[in-house]
Number of protein chains: 2
Amino acid sequence: MQRLLDTVERGRRTMAVVSPYDRATLVASASALKDGIVEPILIGEERRIRESAQTYGIETSGMEIVDSKDEKIIEDACDLYNWNRVHFIMKGMVGTGYFFHIVLEPRFKIRTERILSHVGVFEIPQTKRIFLMSDAGINILPNFSRKIHIVANAVEAARWLGIGLVRVGMLAAVEKVNLPAMPATLDAFLMKKYAETGYFGACEIDGPFAFDNAVDPECAGTKGIGGKVAGQANVLIVPNIETGNAIWKSITCLQKKEAAGVVLGGACPIVVPSRSDDHLTKLASIKLACLLMG
Amino acid sequence: MQRLLDTVERGRRTMAVVSPYDRATLVASASALKDGIVEPILIGEERRIRESAQTYGIETSGMEIVDSKDEKIIEDACDLYNWNRVHFIMKGMVGTGYFFHIVLEPRFKIRTERILSHVGVFEIPQTKRIFLMSDAGINILPNFSRKIHIVANAVEAARWLGIGLVRVGMLAAVEKVNLPAMPATLDAFLMKKYAETGYFGACEIDGPFAFDNAVDPECAGTKGIGGKVAGQANVLIVPNIETGNAIWKSITCLQKKEAAGVVLGGACPIVVPSRSDDHLTKLASIKLACLLMG
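Residues numbered from 1 in each chain as written. Chains lettered and ligands numbered in written order. Predicted model: local features only at pLDDT ≥ 70, side-chain atom pairs only at ≥ 80, totals over all residues. Heavy atoms only, no water.

Of the residues lining the interface, 34 residues belong to chain A; the matching set on chain B comes to 34 residues. For the chain A and chain B pair, buried surface summed over both sides reaches about 2,900 Å², with 64% attributable to carbon and sulfur atoms. Among the residues of chain A in contact with chain B, Lys223(A), Glu242(A) and Leu254(A) are the three that bury the most area, contributing 21% of the side total. Counting across the interface, chain A meets chain B through 4 salt bridges. When the shortest N-O distance is used, the salt bridge between Lys249(A) and Asp212(B) registers 3.7 Å. Our count for the chain A to chain B interface comes out at 3 residue pairs in polar contact (both at pLDDT 80 or more). Of all the elements in the fold, those that place two or more residues in the side of chain A that touches chain B are helix H8 (211-215), helix H9 (217-222) and helix H10 (241-254) of chain A. Element by element, the count of residues in the side of chain A that touches chain B is highest for H10(A), at 10 residues. A per-class count over the side of chain A that touches chain B returns 17 nonpolar, 8 polar and 9 charged. (Contact = heavy atoms within 4.5 Å. Buried area = accessible area lost by both parts, 1.4 Å probe. Salt bridge = Lys/Arg side-chain N within 4 Å of Asp/Glu carboxyl O. Polar contact = N/O pair within 3.5 Å; in protein donor to acceptor, adjacent residues only side chain to side chain. Helix = DSSP H or I, 4+ residues; strand = E, 2+ residues; numbered from the N terminus. Nonpolar A, V, L, I, M, F, W, Y, C, P; charged D, E, K, R; others polar.)

In structure tokens, the structure reads:
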């Protein structure tokens, strides 16, 4: 995971940081600058930014600060994107719903025809492999047409990360289509069929899979589940946000493994960390955003 | 976990085993007998049972075999329960839906006014604590009234296992009620309120919680989430079967920790193992069924 994130090229990116008043966002921004990864532009009430930085002992001298307040903060960040002054945007201390409400206004050129989805990247210690997972952050109970965008965003991210053969496992609680009780199993089956049209480009999509049979070759083998994805998935599509959240928290919080996440589907990646993410996760997410722009 | 299951009293229970043709069911039955925990009565096509036992090198001489076939197998098991010949029933090689279709017929006295729910028991290695989780096996997307039964079954199970203060964490993806997007968050809030009426007896119920904030005191502390359950839950109620399945498989399959599960809500516990459970899990589930009868 660390090796992957360390492949990010130095000194090529700029980032608008919205309301960077908390320690983790300030430390991650300062670290990213120090590491030569991105040039952050801090946007918010200048006095409050400077006070926070002083409180937490963070050096802001190398970072441009744009004094702004209220919704103007988010608008300024989006304007910087429109003017090609920044490559991407990061959210600090502002509500996610309110943030996207403004970011997605058509006058800013961030909205696209795709829907937004959260793509997380993490390592499952027991498998020693990197996984992308979507969507544990934005889409709560996506229908099939939203899942097409979720898969497309995740597959594209996997390609940007240099994953040779993208293997998408559509998660559910069982391996067979079970209707009408378990709609996620039908979506998994249909996504596999839809992928055969070539819509997602060269990749393997299969499912439904229970979690173990998607990620662990031994489990899949014991159950006699074949195909090119079983036990070897590197992209996991969860049926609902609760499932994604439980997998994500089990690995990041209980097993203390690093993770990174960005929101894709806009014209640029958007770094939208969770309230509970520490500065290491925020820094990893900044690096991920850089990698996902090639 | 092992210590808990080893508290089961010896030599007091009898169990009807439906269609014990597979290795894991036969080994678990023979081990349970050898350990002096239960006396299994094997029900199915006698020749097939004997052939399987011979193939897998399992001694059946101490076990009564009832020769039976087709749906008569399940009916015979239920009749043994009606006649007080067995204390509980275990499912072998027969479809779960078909199995319950017969078991729940009113002429057998197994159906009660409660709904059936699966209660799993496992250890989360990082926390070194025992957890009960429901429902990762029967109820797919339970509504609030079904959740009341699910909670009641799980709380009762926790008491039988000797857990002093039962702390129920209602899982979701966030800690706040979020409507109309996330109905599970409202159910969690309402369940807490309903528990205040005393319906579940002495126990603490709280939520909604993301997985980490329910089980890990450090995570809950970092996020400033208070109350008597946050970080200290010993019963987890999942919002849907996919979430339960992902948590269960992450711990049993990836982290190779023991687990046990039974179906509660009937007049006796019913052991309904998953296809992929090995003989250790099946034996642990037999022990759990014994413990849950006091």
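This brings us to the layout of surface pockets. Its volume calculated, the second largest pocket comes out at about 1,100 Å³. Lining the second largest pocket are 37 residues, with Val174(A), Thr96(B), Gly137(B), Ser274(B) and Arg275(B) positioned closest to its centre. At the level of secondary structure, the elements contributing two or more residues to the lining of the second largest pocket comprise helix H5 (96-103), helix H10 (241-254), strand E10 (259-264) and helix H11 (279-291) of chain B. Counting residues per element, the lining of the second largest pocket draws most heavily on H10(B), which supplies 4 residues. Looking at the lining of the second largest pocket residue by residue, the class counts come to 15 nonpolar, 13 polar and 9 charged. (1 Å grid on protein atoms, 1.4 Å probe; cavity = no way out; pocket = protein on both sides within 12 Å on 5 of 7 lines; lining within 4 Å. Points joined across faces, edges and corners; volume = space filled by probe spheres on them.)

Residue and element names in this part refer to chain A. Looking at chain A, the domain boundaries give domain 1 (2-112 + 266-291) and domain 2 (117-254). Once you take the C-alpha centre of each, domain 1 and domain 2 turn out to be 29 Å apart. Facing the 4 residues of domain 1 at the interface are 6 residues of domain 2. Taking both partners together, domain 1 and domain 2 bury about 530 Å²; carbon and sulfur atoms supply 74% of that area. Considering only the surface of domain 1 that becomes buried against domain 2, Leu4, Leu288 and Leu291 emerge as the three largest contributors, covering 68% of it. Inspection of the region where domain 1 meets domain 2 yields 0 salt bridges. The tally of links from domain 1 across to domain 2 stands at 0 residue pairs in polar contact (both at pLDDT 80 or more). Grouping the constituent residues of the side of domain 1 that touches domain 2 by class yields 4 nonpolar, no polar and no charged. (Domains from an automatic or database assignment.)

So, about the nonpolar core. Phe88(A), Ile89(A), Phe99(A), Leu132(A), Phe200(A) and Ile205(A) are the most contacted members of the largest nonpolar core, which has 84 residues in total. Sorting elements by how many residues they give to this core places helix H6 (residues 144-160) of chain A first, with 8 residues. Each of domain 1 (2-112 + 266-291) and domain 2 (117-254) of chain A gives at least three residues to this core. For Phe99(A), the residues in contact, after removing those within four places along its chain, are Val18(A), Ile74(A), Ile89(A), Lys91(A), Val94(A), Ile270(A) and Val272(A). Ranked by size, the runner-up nonpolar core spans 83 residues in total, among them Leu42(B), Ile65(B), Ile74(B) and Phe200(B). (Core = buried A, V, L, I, M, F, W, Y, C linked by side-chain atoms within 4.5 Å. Buried < 20%, exposed > 50% of the residue type's maximum accessible area, 1.4 Å probe, protein only.)

All right, on to empty space enclosed by the protein then. According to the stated counting rule, one finds 5 cavities of 30 Å³ or more in the structure shown. By volume, the largest cavity amounts to about 50 Å³. Lining the largest cavity we find Phe211(A), Ala246(A), Ile247(A), Ser250(A), Ile251(A), Phe211(B), Ala246(B), Ile247(B), Ser250(B) and Ile251(B). Grouping the constituent residues of the lining of the largest cavity by class yields 8 nonpolar, 2 polar and no charged. Each pocket or cavity is described by its volume, and for the second largest cavity that value is around 40 Å³. In this structure, the second largest cavity is lined by Lys147(A), Met170(A), Leu171(A), Ala184(A), Asp187(A), Ala188(A), Ile237(A), Val238(A) and Pro239(A).

Here we take up the state of the cysteines. Defined simply, a disulfide is a covalent bond joining two cysteines at their sulfur atoms. For the coordinates displayed, the defined rule picks out 2 disulfides over all chains. In this model, Cys219(A) is linked to Cys253(B) through a disulfide, with the two sulfur atoms separated by 1.7 Å. Within this pair, whereas Cys219(A) is found in helix H9, its partner Cys253(B) is found in helix H10, the two belonging to separate chains. As far as burial versus exposure is concerned, Cys219(A) and Cys253(B) are alike and both buried. (Disulfide = S-S within 2.5 Å.)

Another point: the packing of helix H4 (residues 71-82) of chain B against H5(B). Residue and element names in this part refer to chain B. Where H4 contacts H5, the axes come no closer than 9 Å and their chain directions differ by 50°. Between H4 and H5, the crossing angle belongs to the class labelled oblique. Where H4 crosses over H5, the two elements pack in a sense that is right-handed. Along its contact with H4, which presents Glu71, Ile74, Glu75 and Cys78, the element H5 presents Tyr98, Phe99, Ile102 and Val103. Of the residues that constitute the contact of H4 with H5, the class distribution is 6 nonpolar, no polar and 2 charged. (Axes fitted to C-alpha atoms, helices over the stretch in contact; angles between N-to-C directions. Parallel < 35°, antiparallel > 145°, perpendicular 65-115°, else oblique. Left-handed = near helix turned anticlockwise from the far one by under 90°.)

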